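Observations on the model geometry
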Amino acid sequence: MKTEKIAIHTGFIKLDQLLKFVGAVETGGQAKDAIQSGEVSVNGERCEMRGKKIRPGDRVALDGVEIEVVAGEN
């Protein structure tokens, strides 16, 4: 599985926004469908909550790509 590190400069980012930000999906509708169909996991567990707050240290996986969220420097 390919791992990508993504830095955020806020305390959290919502799951659907993260998927759009990294280009895993093109639209909010695609993010919603992927999340609600159980294709997305957060920290190794399936997650069906679009608005789940993803914080630095969390790992999100979709379609063989794992996204590691890290704290960005201000």
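Described below are features of the structure shown in this document.

What counts and how
Sequence order as written defines the numbering, with residues in each chain counted from 1. Thresholds applied to this predicted model are a pLDDT of at least 70 for local features of residues and 80 or more for the giving and counting of side-chain atom pairs; totals over whole chains, interfaces and linings are not thresholded and use all residues. Here the side-chain values reflect all heavy atoms present in the structure, with hydrogen atoms and water set aside. Within this scheme, the nonpolar core is defined by two criteria: the residues are buried Ala, Val, Leu, Ile, Met, Phe, Trp, Tyr or Cys, and they are joined through side-chain atoms within 4.5 Å. Each residue's exposure class comes from its accessible area (1.4 Å probe, protein chains only) as a fraction of the maximum for that residue type: buried when under 20%, exposed when over 50%, partly exposed otherwise. What counts as a helix is a DSSP run of H or I of at least four residues, what counts as a strand is a run of E of at least two, and both are numbered from the N terminus. Should any heavy atoms of two residues lie within 4.5 Å, those residues are considered in contact.

Turning our eyes to something else, we now look at the nonpolar core. Ranked by size, the top nonpolar core spans 19 residues in total, and within it Leu15, Leu18, Leu19, Val40, Ile54, Val60 and Ile67 carry the most contacts. At the level of elements, β1 (2-8), α1 (15-21), α2 (28-36), β6 (59-62) and β7 (65-71) are the ones that each hand at least two residues to this core. Sequence-distant contacts of Ile67, that is, excluding residues within four places in its chain, are made with Glu4, Ile6, Leu18, Leu19, Val22, Asp58, Arg59 and Val60.

Across residues other than glycine, the phi torsion is negative in most instances, and most of the peptide bonds are trans. One non-glycine residue, Asn43, adopts positive backbone phi at about 55°. Taking the relative accessible area as the measure of exposure, Asn43 reaches 45% and is therefore partly exposed. Even without being a glycine, Asp63 presents a positive backbone phi close to 55°. Within the secondary structure, Asp63 is located in the loop between β6 and β7.

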